[in-house]
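Structural overview
Okay, here's what each chain looks like letter by letter:
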Amino acid sequence: MKKSFLYFICAVSAMGGLLFGYDWVVIGGAKPFYELYFGIADSPLMQGVAMTTALVGCLVGAMVAGAAADRFGRKPLLMTSAVLFTVSAIATGLFNDFTLFNIARFIGGVGIGVASALAPMYIAEVSPAEIRGRMVSLNQMTIVLGILGAQIVNMLLARDTTVAENMAWNVAWGWRWMFWAETLPAALFLLMSFFIPESPVYLRLKAEGKSETAKNEAGLKELFQGKYRKVLVLGLVIAVFQQWCGTNVIFNYAQEIFVGAGFDVDGMFINIVITGIANVVFTFVALYTIEKWGRRTLILLGAGGLGLIYLILGSCYFMGMTGVMMVALVVAAISVYAMTLGPVTWTLLAEIFPNRVRGVAMATCTFALWVGCCTLTFSFPSMNVALGSSGTFWIYSAICICAFIFLFRKCPETKGKSLEELEKELVER
């Protein structure tokens, strides 16, 4: 396969990550306005429901992605996710009813769940070992570009909230256009996905007759057998930790975090874009360090670094500090996450499982990841009220420290090794 064509098909597959990032974060900027429109601004429970509905869809998408990918192939599932993104983008901004709004968000969440499981797996299966980490990290790059895109769109569409007429427009129409803006990249993803080939690993398994395992769930049963259990536990811990490290609440609950740090709504949008830029810059750093430093070094750096930053951030909230110092700590947390846990998680999950069970294993771990994201997102408002920002970030710090200890003991180095070599090392030894 020519390198130029490899880059093309990986870039197309990674467009699922772009839409994943956009769809996941756009709601954070729309939040202050649709809450007023639907009358839930004073209801933490309903706010949690609105923020979590798409994540429930992610669980469903991730749950079905593995078996469906093993039965029908990777390419059709990527195309399906593109359709779901397109439908959700249009419908979310169209509906005036809160229930229908959440149904549309759920549909987009299913697309995220499918794309998040399939895109890194597809890229890992078509890429040679010597550049596999970098190519899978391309998926994370498109995720953060999608995040930044959503943040910029939100900032540009949100009119000056100090003017009553502008605020009225934001509540009536601004949040709708934030969702509708996703339609163009979603349609482009669908179009370009017609031009990528099927995964060679899937074609080989199909030729050997092993894709039939999806029909009787044999693949899932195999995954939970003794020889796979150790690597499955590692994958589940890595997946859940990527969410419960706490960084993602900064994107979904930027209003609470930055307002708590002393900023108004307009200042919030500016700070959100600053964090998005840092996210992109340090993901670029990850593209070059993941093959040089290795996956193990980066994931340990992420766990330890975030544990320290959150300890300091929680202490600053406790002391009532506001302003630039708080923004700097938030940007530092995003930067550490972007060059470590963000890309390395997807790379490791795509590498550590054997070919025979990779589809169902990726789906299982991605399902666990979205369970982590769902519980994190739903619990943050209540934790923030009960414990304050200081207590909440201290809890995230403790989680990061515990994860560092586990990963130091259990996480292997995978760089430069073929998928077959890793299977022998992690499963057959």
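As shown above, the structure is provided for reference.
So, the overall build of the protein
Check the secondary structure of the protein and you find 19 helices and 0 strands. Over its C-alpha trace the protein gives a radius of gyration of 21 Å, about what one expects of a compact globule, namely 22 Å for 429 residues. Summarising its shape, the C-alpha atoms of the protein cover approximately 65 × 45 × 40 Å along the three principal directions. Put simply, the protein has 429 residues, and 59% of those count as buried. Here the analysis covers contacts within the protein between residues at least 6 apart in sequence; of these, 85% occur between residues at least 24 apart. Summed over all atoms, the accessible surface of the protein reaches about 15800 Å², with 70% contributed by carbon and sulfur. Both charge centroids of the protein, one from 30 positive and one from 26 negative side chains, sit 10 Å from each other.

As for helix α6 (residues 164-180)
For α6, built from 17 residues, the straight-helix expectation of 24 Å at 1.5 Å per residue is met to within 8% by its first-to-last C-alpha distance of 24 Å. Most pronounced at N170, the bend in α6 amounts to some 50 degrees. Those residues of α6 not exposed but buried are N170, V171, G174, W175, R176, M178 and F179.

A short note on the nonpolar core
One finds Y34 and W370 to be the most contacted residues of the largest nonpolar core, which totals 125 residues. Those residues in contact with W370 that lie beyond four places of it in its chain are F20, W24, L55, C58, L59, A62, I112, G113 and S116. Within the second largest apolar cluster, 5 residues are counted, among which are M141, V144, V280 and L287.

Comments concerning the packing of aromatic side chains
All chains considered together, the criterion is met by 21 aromatic pairs. Measuring from ring centre to ring centre gives 6.3 Å for F20 and W346, while their planes differ by 90 degrees; the resulting arrangement is edge-to-face. Highlighted residues: F20 in helix α1 (residues 3-38) and W346 in helix α17 (residues 341-351), separated in sequence by 326 residues. An identical accessibility class is assigned to F20 and W346; each is buried. Aromatic ring contacts, followed pair by pair, group Y34, Y37, F38, F98, F101, W175 and F179 into a single cluster. One cation-aromatic arrangement involves R176 over Y37; the distance from NZ or CZ to the ring centre is 4.9 Å.

What to know about empty space enclosed by the protein
Considering all chains together, one arrives at 3 cavities of 30 Å³ or more under this definition. If you add up the space inside the largest cavity, you get close to 100 Å³. Along its surface, the largest cavity is lined by 15 residues, and F20, W24, I143, Q242 and Y337 are the ones closest to its centre. When contributions to the lining of the largest cavity are tallied by element, the ones reaching two or more residues are α1, α5 (132-157), α11 (226-244), α12 (248-252) and α18 (358-410). Of the residues assigned to the lining of the largest cavity, the class counts are 10 nonpolar, 5 polar and no charged.

Notes on the state of the cysteines
The tally for this structure, following the rule as stated, stands at 0 disulfides. Summary of cysteine pairing: C365 is not part of a disulfide, and the nearest cysteine sulfur, belonging to C411, is at 13 Å.

A closer look at the side chain of S13
Locating S13 in the fold gives a position in helix α1. On the accessibility criterion, S13 (0% relative accessible area) is buried.

What about the packing of helix α16 (residues 324-339) against α17?
Orientation of α16 relative to α17, taken along the N-to-C sense of each, is 25 degrees, at an axis distance of 3 Å. In terms of their interaxial angle, α16 and α17 are classed as roughly parallel. For the pair formed by α16 and α17, the contact residues are V336, Y337, A338 and M339 on the first element and L341, G342 and P343 on the second. Considered class by class, the residues forming the contact of α16 with α17 number 6 nonpolar, 1 polar and no charged.

What counts, and where the lines are drawn
Residues numbered from 1 in each chain as written. Predicted model: local features only at pLDDT ≥ 70, side-chain atom pairs only at ≥ 80, totals over all residues. Heavy atoms only, no water. Helix = DSSP H or I, 4+ residues; strand = E, 2+ residues; numbered from the N terminus. Rg over C-alpha atoms; globule rule 2.2 N^0.38 Å. Buried < 20%, exposed > 50% of the residue type's maximum accessible area, 1.4 Å probe, protein only. Contact = heavy atoms within 4.5 Å. Areas by Shrake-Rupley, 256 points an atom, 1.4 Å probe, with all protein chains shown as cover. Lys, Arg positive; Asp, Glu negative; His and termini not counted. Charge placed at Lys NZ, Arg CZ, Asp CG, Glu CD. Expected span 1.5 Å × (residues − 1). Bend = angle between axes of the 7 residues up to and from the residue. Core = buried A, V, L, I, M, F, W, Y, C linked by side-chain atoms within 4.5 Å. Phe/Tyr/Trp six-rings, centres within 6.5 Å; stacked < 30°, edge-to-face > 60°. Lys NZ or Arg CZ within 6 Å of the ring centre and 35° of its normal. 1 Å grid on protein atoms, 1.4 Å probe; cavity = no way out; pocket = protein on both sides within 12 Å on 5 of 7 lines; lining within 4 Å. Points joined across faces, edges and corners; volume = space filled by probe spheres on them. Nonpolar A, V, L, I, M, F, W, Y, C, P; charged D, E, K, R; others polar. Disulfide = S-S within 2.5 Å. Axes fitted to C-alpha atoms, helices over the stretch in contact; angles between N-to-C directions. Parallel < 35°, antiparallel > 145°, perpendicular 65-115°, else oblique.

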